[in-house]
Amino acid sequence: MTQRRLNGEALIDRTRLLTFTFNGRRYQGHPGDTLASALLANGVKRVARSFKLHRPRGIFSAGLEEPSALVTVGDGPYREVNVRATEAPLHEGLVARSQNCWPTVNFDAAAALGLFARFLPAGFYHKTFKWPAWGWYEGLMRRMAGLGRLNGIPDPDHYATQYHHCDVLVIGAGAAGLAAARAAAAVEDVVLLDSGDEFGGSVLRHELAALPRLLLLPRTTAMGYYDDGLVTALERIDEVRAPVPRGTQGPRQRLWKIRAARVVLATGAIERPLVFSNNDRPGIMLASAVRTYVTRYAVSPGTCAVIFTNNDSAYATAFALHERGVKVAAVVDLRQQPGAGLAARTRGAGIALHAGYAVVDTRGRSALKTVAIARCDPGVTRLLAGSLQWLRCDLLCVSGGWDPVVHLYAQAGGKLRFDARIAGFVPQRQGHRKAECIGAAAGHIDPPSQAPLLPVWRIPAWGRRDRRSLQWIDLAHDVTVADIELAATEGFRSVEHMKRYTTAGMAVDQGKTSNVNALALLGRATGREPAQVGTTTFRPPFHPVAIGALAGGRVDQRAQRFRRLPLQWHAEHGGVMEDHGGWLRPACYLESGETESQAIDREVRAARSAVALLDSSSLGKIEVCGEDAAQFLNRLYVNNVRTLEPGRLRYGLMLNDNGIIIDDGVLACLGEGRYMVNTSSAGALNTHFWMEEWLQCEWRSMRVWIAQQTAQWATLTLSGPKARTVLALLQLPVNLDGREFPHMHTRETEFEGTALRLRRASFTGELSFEIDVPADRGDALWCRLLELGAPHGIMPIGMEALDVLRVEKGFLEVGTDTDGDTSPLDVGWGVAISKKAEDFIGRRSLRRPAMQSAARLQLVGLLPAERNLRLPVGTHAIGAAGDIDGHVTSSCVSPHLERSVALARVRSGSTRMGQNVSLDIDGGRYSAVIGSTAFYDPKGERLDA
Amino acid sequence: MLSGSMALERCEPRGKLLLLGDAPAVVKALPEGIGIPLQPRGVARSRGSGTCLWLSPTQRLLLLATESDARLAVARIRALRSPDVWAFDAGARYVDFAVAGRDCAAVLNGGCSLDLREPAFPVDTCARTRFDQVPVLLVRSSPERFEILVERPLAHYLWLGLCRAVNDRRDET
């Protein structure tokens with residue numbers, strides 16, 4: 001393989017060699033190289049295949065604007081697709097391969113698509129593949145679409161997030177950015193970030209490092225500008241993707257979220273290519289990129305170069321190549337006269353200068369071999385007959401001018417204007433209060449052209465053949481001049497519509513090298529100037545970001561934070577921990593050799609026959625106090641709270657303004673003006689917010705104080721006929737006798753110097769005591785109860801057993817047996833509500849005819865004809881006319897009733913007691929009898945067992 | 001947990017008292033010598049008598065040396081039977097962590113979006129904020145030390161997040 005490394009100074013370490021592989025072949029490079037520079041140094045020209053037509057593509061640029069050289073880097077879990085070879089730093093053992101080609105990049109079967117290119121213009125998929133149906137083609141099309149293939153293995157690296165505040169954020173460490181940062185850092189907190197590794201030379205680096213108020217962030221790319229000066233930036237910390245045990249390495253990347261009082265955008269400019277026939281061959285590159293490879297990496301991308309330009313800046317590339325000994329066959333300048341002195345210097349270097357000429361075509365099947373040039377008129381509207389020449393070269397350096405990088409400025413809300421001097425969009429003066437562009441980003445292209453740039457958006461094709469479909473605008477998405485003109489012909493005059501129709505600028509490079517050419521050509525096709533066409537909306541991110549970097553630390557356990565019970569005991573004793581209302585709670589406790597079903601059955605029987613112990617700590621606990629607390633709760637709950645005496649409990653329903661049930665719970669009066677509201681586990685936070693909203697926004701004169709105390713207390717529930725016996729063994733200073741401490745009463749007491757609250761409320765239908773104890777004492781009390789209760793057959797139970805117990809009793813679970821349309825009238829609370837004289841939230845809604853309709857879905861019990869058939873939750877009840885008549889909300893096979901039971905919401909259910917209802921389960925029809933919701937102990941006698 | 005110049009630790013349990021009420025009523029209910037912060041995000045330190053954090057115009061959290069101190073204070077305030085001041089034991093509600101070291105603010109900025117530079121968040125400032133999306137109560141107790149109070153059910157995740165933030169700063173510290 002040819003070595004293209006040049007002599008002379010460069011920012012690579014020539015004393016060390018790095019070995020890497022590309023498409024299975026071994027190559028060598030140096031520290032400091034990118035994959036692109038190393039490939040060019042090894043003479044590799046064909047790197048990728050284009051997105052749509054699979055045309056061979058090479059390296060086009062030297063930075064983040066690269067549209068063509070997208071490769072897959074790494075193996076196994078470290079594989080990353082769509083990496084720009086121009087940005088991938090070389091390291092020992094790097095493995096890279098081409099993508100979007102089969103079997104190889106040199107021979108790609110899909111390149112045959114090029115034969116049918118005329119049938120695949122912009123938007124072809126809207127017009128073709130209609131017969132007989134899109135589905136016939138969809139699989140193939142989807143396989144062919146997309147770039148790179150993920151392997152489905154989780155990314156083992158981790159990513160960090162960092163917030164930062166500063167007075168001034170300077171983005172870009174070119175000359176303008178460095179000067180701005182140095183000046184500001186004397187008196188303000190400054191952050192200076194840049195995509196590159198270096199901040200100036202070594203002297204300047206030491207000087208910057210000595211500024212205490214300056215934070216330097218190399219290898220960091222600003223991604224987006226958001227409200228109020230928030231800028232996101234991605235720092236590449238470790239690009240060596242290699243197998244290192246997880247957790248032993250630092251983050252791979254860090255997403256910075258920087259909030260700055262002022263943002264200085266020294267983001268520079270990106271060179272714009274010229275549009276001519278066959279301008280996409282490997283070997284055709286941006287002139288500035290070639291200069292970078294020559295001077296920074298000491299690599300010549302070719303052996304014989306031609307420069308094609310419409311401005312002065314590309315001449316520097318010609319001189320750089322020449323000075324390093326690379327043959328420059330010619331400089332082709334569209335202008336009749338280049339800048340002062342350039343013509344003489346060019347000719348003095350022995351380089352042929354073709355002023356007033358254009359490159360009109362190229363040849364070379366696998367890579368560039370020759371270019372055709374022809375003389376053009378001053379406006380480059382036509383080519384002069386007989387002027388065609390073919391020049392042999394393997395490198396064509398093109399420059400169509402410069403586009404300031406104004407993406408972040410536009411995202412900040414800054415306005416742009418078209419500057420005819422550079423034929424590009426620049427920030428308007430005083431366009432934004434906080435973000436300011438300087439240097440090239442403001443349109444001050446350095447060095448200033450001595451002869452004006454000649455704006456040319458398309459070079460005429462030579463000969464009679466229409467070559468517009470071979471004049472590429474967006475190399476990343478294979479968008480041509482013909483596509484843009486087709487869009488205009490079909491009425492897509494808006495630049496936003498053209499973008500979506502042709503997909504120009506929608507690839508991973510976001511059109512950094514193509515957008516201005518595309519919009520200018522749209523303007524030409526529709527008789528408008530570029531300024532009239534305008535730009536598309538600049539949206540973040542400026543540069544592709546790995547999903548992992550956006551997720552940051554929110555992976556594994558931290559991805560979904562279930563609240564944890566204060567007791568550690570469960571997981572250590574066979575508890576199967578699952579999400580219940582946002583809390584990680586034991587579903588059941590598995591004993592040796594048991595299935596979950598057997599465990600649940602065992603736990604249910606223990607609760608009915610002996611005593612069960614349940615961790616109910618997730619129950620919401622909100623203390624509501626103050627002179628007006630009773631009135632406040634009276635308005636929030638459908639129940640009458642005013643009559644609730646100290647030491648008493650009352651079950652309550654909470655409605656929203658529409659009369660829909662939003663939560664339920666038990667209200668406890670702890671003393672005069674002191675209430676403890678137990679909400680559902682999932683509803684604790686929302687109920688608290690609901691209360692605060694009404695108190696702070698509507699009833700501001702009320703003297704009420706609300707404290708969210710859910711996390712303060714652990715709640716242990718003893719339930720079963722022997723619950724009182726076991727609780728008595730704690731020897732609390734409370735009379736537990738049923739007459740002294742009856743159902744729906746509460747007591748406050750102490751246990752071994754710790755505050756304790758007891759409630760006699762039951763969600764199982766059995767005699768139950770809920771015990772509140774400070775959360776940090778929960779484990780100790782739990783273990784004590786298990787120890788004391790062992791002789792009485794105490795058994796810890798999980799949520800699944802509790803669900804069976806409450807379904808057997810027909811107890812409502814808000815969110816399970818109710819939905820966003822369930823009113824208290826639908827669950828049998830009509831009589832109770834009618835007795836309350838005072839107003840409450842939702843009352844007026846309940847009086848509306850629609851809410852009182854007998855045809856509403858009402859909560860009932862179902863007894864399936866097949867005794868052992870557990871009805872799947874969600875099973876539809878089917879009416880006589882085949883319409884949906886309701887659905888099952890809760891279901892279980894009751895160990896005590898030895899049959900299946902269910903709760904369901906059935907149309908007019910309360911008036912259909914004893915009737916059969918038809919159920920549809922996976923297409924099969926089953927029957928059930930409608931009845932009461934209380935299947936077990938309907939009189940509630942076991943509550944006082 | 002130590003990493004470079006950073007220290008991350010779980011603090012010893014201490015008494016905590018949630019005080020609800022308007023400032024004058026709360027001052028009246030507290031024993032002499034205990035001050036309360038009157039300004040948002042303020043922290044009032046009373047010699048030997050604890051630290052009081054501003055949570056909202058009508059909510060303050062009093063940190064006391066021991067849990068029994070907090071229980072006594074609750075009993076004392078309840079005994080006053082004032083309808084304008086309410087006290088709740090919050091000792092078990094929160095778990096406390098501390099991050100100390102030269103880069104403690106940067107470590108916390110690994111998950112917290114507040115401006116923690118000293119001029120913006122000086123010593124004896126507190127804030128209800130989030131770390132790694134976990135709601136926390138953040139207190140700066142010295143230029144190089146922050147205390148973080150988190151509700152017990154989410155303490156596990158906060159610890160994981162803080163450990164990761166300390167490790168992520170390892171190369172920089």
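As the structure is a computational prediction, the values presented were derived from the model and not from experiment.

### Some remarks on the nonpolar core
Line of reasoning, step 1. In this structure, Val624(A), Leu633(A), Leu17(B), Ala87(B), Ile148(B), Val150(B) and Leu158(B) are the most contacted members of the largest nonpolar core, which totals 160 residues.
Line of reasoning, step 2. Counting 108 residues, the second largest nonpolar core, distinct from the first, contains Ala10(A), Val290(A), Val359(A) and Tyr501(A).

### Overview of helix H4 (residues 175-185) of chain A
Line of reasoning, step 1. The set of residues buried in H4(A) consists of Ala176(A), Gly177(A), Leu178(A), Ala180(A), Ala181(A), Ala184(A) and Ala185(A).
Line of reasoning, step 2. For H4(A), the secondary structure elements touched by its buried residues are strand S8 (159-171), strand S9 (190-193), helix H5 (202-209), strand S10 (214-217) and strand S13 (253-265) of chain A.

### Let's talk about the interface of chain B and chain A
Line of reasoning, step 1. Listed per partner, the contact involves 33 residues of chain B and 32 residues of chain A.
Line of reasoning, step 2. Those elements that place two or more of their residues in the side of chain B that touches chain A are strand S3 (15-20), strand S7 (86-89) and helix H4 (155-168) of chain B.
Line of reasoning, step 3. Here the side of chain B that touches chain A takes 6 residues from H4(B), the largest share from any one element.
Line of reasoning, step 4. Classifying every residue of the side of chain B that touches chain A gives 14 nonpolar, 8 polar and 11 charged.

### Let's talk about the pairing of strand S5 (residues 70-73) of chain A
All names here are of chain A.
Line of reasoning, step 1. Of the two faces of S5, both are covered, the one formed by Leu70 and Thr72 as well as the one formed by Val71 and Val73.
Line of reasoning, step 2. Pairing of S5 with strand S6 (residues 80-84) involves 3 bridges; the strand directions are antiparallel. Looking at the pairing, Leu70 lines up with Arg84 of S6.
Line of reasoning, step 3. Hairpin connection between S5 and S6: a loop of 6 residues separates the two successive antiparallel strands, and Gly74 in this loop has a positive phi of roughly 85°.
Line of reasoning, step 4. Looking at chain direction, S5 and strand S7 (residues 95-98) are connected through 3 bridges and run antiparallel. Paired with Val73 across the strands is Ala96, a residue of S7.

### Quick notes on the environment of His156(B)
Line of reasoning, step 1. Its location among the elements puts His156(B) in helix H4.
Line of reasoning, step 2. Among the residues examined, His156(B) registers 19 C-beta atoms within 10 Å and is labelled partly exposed.

### Side note on the confidence of the model for chain B
Residue and element names in this part refer to chain B.
Line of reasoning, step 1. This prediction gives chain B a mean pLDDT of 92; 95% of its residues lie at or above 70.
Line of reasoning, step 2. Ranking the elements of chain B by mean pLDDT puts strand S1 (residues 2-3) last with 59 and strand S11 (residues 145-151) first with 98.
Line of reasoning, step 3. Scoring the predicted complex yields pTM 0.92 and, for the interface, ipTM 0.95.

The rules we used
- Residues numbered from 1 in each chain as written.
- Chains lettered and ligands numbered in written order.
- Predicted model: local features only at pLDDT ≥ 70, side-chain atom pairs only at ≥ 80, totals over all residues.
- Core = buried A, V, L, I, M, F, W, Y, C linked by C-beta atoms within 7 Å.
- Buried ≥ 20, exposed ≤ 12 C-beta atoms within 10 Å, placed from the backbone.
- Helix = DSSP H or I, 4+ residues; strand = E, 2+ residues; numbered from the N terminus.
- Contact = placed C-beta atoms within 7 Å.
- Nonpolar A, V, L, I, M, F, W, Y, C, P; charged D, E, K, R; others polar.
- Pairing = 2+ DSSP bridges.
- pLDDT = per-residue confidence, 0-100.

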